[in-house]
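For reference, the chains in residue letters:
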Amino acid sequence: MHWFRRGGEQEEQASWFQRLKNGLVKSRENIVGQISDLLSLSGKIDDELWDDIEAILIQADIGVQSTMRIIDNLKYKVAEERVTEAGQIIDLLKDELVEILRTGAPETLHDKAGRRIYLIVGVNGTGKTTTIAKLARSFLKNKKSVLLGAADTFRAAAVEQLAIWAKRLDVDIIKHERGSDPAAVVYDAVHAANARKSDILLIDTAGRLHTYVNLMEELKKIKRIAEREKGDAEVITLLVIDATTGQNGIAQARLFDEALTVDGIVLTKLDGTAKGGIVLAIQDELKIPIRYVGVGEGMDDLQEFKPDEFVEALISE
Ligand SMILES: Nc1nc2c(ncn2[C@@H]2O[C@H](COP(=O)(O)OP(=O)(O)OP(=O)(O)O)[C@@H](O)[C@H]2O)c(=O)[nH]1
Ligand SMILES: [Mg+2]
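A.B. asks: Run through the site of ligand 1, naming residues and quoting values.
C.D. replies: Close to ligand 1 lie 19 residues; Lys128, Thr129, Thr130, Asp271 and Glu297 are nearest. Between an oxygen atom of ligand 1 and a main-chain N or O atom of Lys269, the distance comes to 2.9 Å. With respect to ligand 1, the backbone of Gly294 contributes an N or O atom lying 3.4 Å from an oxygen atom. Taken by itself ligand 1 offers 660 Å² of open surface, and the protein chains cover 81% of this. When its residues are assigned to classes, the shell around ligand 1 shows one nonpolar, 11 polar and seven charged.

Encoded structure:
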């Protein structure tokens, strides 16, 4: 019954939304489930109810600052719109979350024309290498030419891991021997991308060196080289954060941003946490845009972050 089938793109979008929803199931149960229970119990809007909602939002990792703002705005709206039923609060909350996430959300880069060099940075194990594979696949689908650069020369198996992805994805990779200078890899990779006019160069970097200071110095150097040699490409630094690390991820973002000036965040492993509210804390406290979210280990489990869609998946029943 093929005439019932939707168009490919629409279907893909629907299945992505389902993936997002599935990935956020723990967070949704945590936030919506608890608030719904509370509302059905309480039935009326009083100070105790506000205190309880505040506690739920804070423990969902939305962050104290954003939670206070949300609660203040909700109280104001409840008074202004003369809301008397506790149940309506969920809808107001949804509007509030969308508004926070929309503010400061920049234009999307993913489908934009122009050559780009992505520096993928972040502490070890956050998902840098798999994010590169997922991004490469998505860019390839959009008919862009993709090149990979293996600048994590520190960890024993890192170059090999990226090389395996390159083979699977059928893209070229620029790599040196393990232990070689990552800045030299970046130099070569950027020159190769320029010579081939590659649309997208994705550079994998180390998540750990002997010391944190060394790591930051190395990343700064890599970025300087990329900026210097980029030709007509744009350099974009994406910081990968593991959502399950909660507030620690925010602390990481501050440090990386201080050293490197981060252009965007990739928030991975949202499927592994009930604290999806971290998205709000990041946007609201750091003012660094979230560009992508990861909700699983599958190749299609990384997608561009779209505030409305995200809140819908997080809050809808
Ligand atoms: N559940 C889940 N797992 C993820 C997600 N993103 C990445 N992972 C997993 O996280 C683990 C670490 O991923 P890597 O890509 O190797 O992380 P890395 O940052 O490159 O790590 P280092 O190279 O050691 O610094 C892998 O098992 C990935 O499959 C996600 O969105 N959800
Ligand atoms: Mg890696």
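A.B. asks: How would you explain the confidence of the model for the protein if you had to name every residue and give the values?
C.D. replies: Overall, the prediction assigns the protein a mean pLDDT of 90, with 95% of residues at 70 or greater. Segment residues 1-6: pLDDT under 50, and three contacts once partners within four positions in sequence are set aside and those in other chains are kept.

A.B. asks: So, a nonpolar patch on the surface: which residues are in play, and what are the values?
C.D. replies: On the surface, Ile58, Val64 and Met68 cluster together to form a nonpolar patch covering roughly 220 Å² of accessible area. Residue position: Met68 is located in helix α4 (residues 64-80).

A.B. asks: Can you tell me about unusual backbone geometry, naming the residues and giving the values?
C.D. replies: In the Ramachandran plot, Asp61 falls in the positive-phi region, its phi being about 70 degrees despite a non-glycine side chain. Topologically, Asp61 is positioned in the loop between α3 (47-59) and α4. A relative accessible area of 9% means that Asp61 is categorised as buried. The phi torsion at Lys197 lies on the positive side, around 55 degrees, for a residue other than glycine. Take Lys197: it is sitting in the loop between α8 (182-196) and β4 (200-205).

A.B. asks: Would you mind going over the domain arrangement of the protein in detail, with residue names and values included?
C.D. replies: According to the domain assignment, the protein consists of domain 1 (2-102) and domain 2 (113-305). Domain 1 and domain 2 are separated by 31 Å when their C-alpha centres are compared. Listed by partner, the interface residues are 21 residues for domain 1 and 24 residues for domain 2. Summing the contributions of domain 1 and of domain 2, the shared interface buries around 2,000 Å²; its carbon and sulfur component is 56%. On the domain 1 side of the contact with domain 2, Trp16, Asp61 and Leu101 bury the most area, a combined 33% of that side's loss.

About the thresholds
Residues numbered from 1 in each chain as written. Chains lettered and ligands numbered in written order. Predicted model: local features only at pLDDT ≥ 70, side-chain atom pairs only at ≥ 80, totals over all residues. Heavy atoms only, no water. Near = heavy atom within 4 Å. Polar contact = N/O pair within 3.5 Å; in protein donor to acceptor, adjacent residues only side chain to side chain. Areas by Shrake-Rupley, 256 points an atom, 1.4 Å probe, with all protein chains shown as cover. Nonpolar A, V, L, I, M, F, W, Y, C, P; charged D, E, K, R; others polar. pLDDT = per-residue confidence, 0-100. Contact = heavy atoms within 4.5 Å. Patch = residues over 30% accessible without salt bridge, like charges linked within 9 Å, V, L, I, M, F, W, Y side chains within 5 Å. Salt bridge = Lys/Arg side-chain N within 4 Å of Asp/Glu carboxyl O. Helix = DSSP H or I, 4+ residues; strand = E, 2+ residues; numbered from the N terminus. Buried < 20%, exposed > 50% of the residue type's maximum accessible area, 1.4 Å probe, protein only. Domains from an automatic or database assignment. Buried area = accessible area lost by both parts, 1.4 Å probe.

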